[in-house]
Amino acid sequence: MMCELLVEGGERLYGELTIQGSKNSVLPILAATLLCADTCVIENCPKLRDVDASIAILRYLGCCTHWEDSALVVDTARMDRAVVPDALMREMRSSVIFLGAILARCKEATICYPGGCELGPRPIDLHLSALSALGAEIRETGGELKCRGGTLLGSDVYLPMPSVGATENALLCACGADGVTTIYNAAREPEIVDLQNFINAMGGNVRGAGGSIITVEGKRALHGGTYRIIADRIAGATYLCAAACCGGEVRLRGVDTRPLSTVSGALSEAGCTVKSGEDDVFLQSDGSLRSIRPVRTAPYPGFPTDAQPVLMAALLKSAGSTVFVENIFENRYRHVDELARMGAEVRVAGRVAVVTGREHLHGARVKCTDLRAGAALVIAGLQADGLTRISRIEHIDRGYESIERDLYALGAHVRRETGT
Ligand code: UD1
């Protein structure tokens, strides 16, 4: 079914939102449920297309899942396969994260090479070398990766760069290895801390997440339990950016505000008032923003690449020019051509993009090219004169439970039109 989002610009945003559970936390945690042969209850589990893709993989592997309101119940006791077929791998690039977990549980795993990605080439070499360091033997034949982990041994894993996925894959695999593993130059994202906390709640022993050195004690007998996913900091950033450029007063609840500080710092610099509490953040804006110092994306705790498109969209009508430098992904300015259809002025040269604020944006027909690019189009539509029609919104549904529900609750005119 073809769906589109229809956005009428011009409304200020007022009110409160409770932020959904984190996509980037829940995906590795769903893979981690395979580490035990028991029932895990994942509370605050966001209902997303990427979560559906993970559920499809878990079921194919022989696990049972069902929803109880916003909790996903996963019973991994009857897992009886160690293969993820091509069709399921293609649904979501993060499915590669299942590799480490399946290896830990079954001592073997076969997956297809995850397909290309809209953000440019996203190789998995770091994932594979981390698993090899733990003793996995990996053979690639015809796009299929066959891994054997009969003798997984805890060891030192050095990551040449702090890849989030490779850190998670190494951590998961290390749970099934004999002895202690130390991961050096680990990614420090809050979602990795969430994964550590989940594994420890199941009886594991993982230390150091949030820092660059993580140690994992392998082969501990893990049990099921109940665990609550942290709030999605990128969804939080999206709604802060929306309120900043539309003007209004918005309070986001249930968020850890520290990981949002790079984004809220940028919005304060642009002229908003941002007040962070223990687990809520309040933003007030008159809707007229000014340009800010260069925004450079970097691994956590730097400015998140996932928030780059939404911050850029928030600055499309700002006074002056802002420079963005994208250091994580090669192809992360695909929203720019679509934004130009709405009258935005953004010049791109390689990793650098310069946004010059315009007095007006106008509604247009635009197309999502990836998840956060889609969110950027919604934010642009909220500031544009007239109607914006956004197609290919399945990209947005990968990561937002219901962006139209949340924005509508704040007073925006956004609705989903279901075509045939
Ligand atoms: C995760 C997030 C994604 C976020 C990204 C960076 C999830 C599900 N996704 O993606 O939303 O944008 O972190 O914060 O958590 N690389 C290699 N070889 C590898 C692995 C990565 O060269 O084997 C490169 C990538 O091409 C990229 C960089 O490392 O340039 C960072 O990627 P990585 O941190 O691995 O991102 P993901 O885990 O894919």
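Residues numbered from 1 in each chain as written. Predicted model: local features only at pLDDT ≥ 70, side-chain atom pairs only at ≥ 80, totals over all residues. Heavy atoms only, no water.

Asks: Describe the domain arrangement of the protein chain, and please don't skip the residues or the numbers.
Replies: Often the size quoted for an interface is simply the accessible area lost on bringing the parts together. On domain assignment, one finds that the protein chain holds domain 1 (2–20 + 231–419) and domain 2 (23–228). Summarising the inter-unit geometry, the C-alpha centres of domain 1 and domain 2 are found 30 Å apart. Each partner contributes residues to the interface: domain 1 has 24 residues there, and domain 2 has 19 residues. The interface formed by domain 1 and domain 2 includes two salt bridges. For Glu191, the salt bridge identified is with Arg233, shortest N-O distance 2.8 Å. Here domain 1 is connected to domain 2 by seven residue pairs in polar contact (both at pLDDT 80 or more). When residues of the side of domain 1 that touches domain 2 are traced back to their parent elements, those giving at least two are α12 (371–383) and α13 (394–397). Sort the elements by how many residues they give to the side of domain 1 that touches domain 2 and α13 lands first, with three residues. Residues that form the side of domain 1 that touches domain 2 fall into these classes: seven nonpolar, five polar and twelve charged. (Domains from an automatic or database assignment. Contact = heavy atoms within 4.5 Å. Salt bridge = Lys/Arg side-chain N within 4 Å of Asp/Glu carboxyl O. Polar contact = N/O pair within 3.5 Å; in protein donor to acceptor, adjacent residues only side chain to side chain. Helix = DSSP H or I, 4+ residues; strand = E, 2+ residues; numbered from the N terminus. Nonpolar A, V, L, I, M, F, W, Y, C, P; charged D, E, K, R; others polar.)

Asks: Can you explain empty space enclosed by the protein? Please cite residues and give values.
Replies: The final tally for this structure, using the stated rule, is one cavity of 30 Å³ or more. The space that makes up the largest cavity amounts to roughly 30 Å³. Lining the largest cavity are Cys175, Ile199, Gly204, Asn205, Glu217, Arg220 and Leu222. Class assignment for the residues of the lining of the largest cavity results in three nonpolar, two polar and two charged. (1 Å grid on protein atoms, 1.4 Å probe; cavity = no way out; pocket = protein on both sides within 12 Å on 5 of 7 lines; lining within 4 Å. Points joined across faces, edges and corners; volume = space filled by probe spheres on them.)

Asks: For the packing of aromatic side chains, give the residues involved together with the corresponding values.
Replies: Under the defined criterion, the tally for this structure stands at three aromatic pairs. Judged by centre distance (5.5 Å) and plane angle (80 degrees), the rings of Phe198 and Tyr227 are edge-to-face. Of this pair, Phe198 sits in helix α7 (residues 190–201) while Tyr227 is found in strand β14 (residues 225–228), placing the two residues 29 residues apart along the sequence. The two residues Phe198 and Tyr227 agree in class, both being buried. Summarising the aromatic geometry, the rings of Tyr239 and Tyr400 are spaced 6.5 Å apart at their centres and angled 65 degrees between planes, so their arrangement reads as edge-to-face. Placement of the pair is Tyr239 in helix α8 (residues 233–246) and Tyr400 in the loop between α13 and α14 (403–409), with a sequence separation of 161 residues. (Phe/Tyr/Trp six-rings, centres within 6.5 Å; stacked < 30°, edge-to-face > 60°. Buried < 20%, exposed > 50% of the residue type's maximum accessible area, 1.4 Å probe, protein only.)

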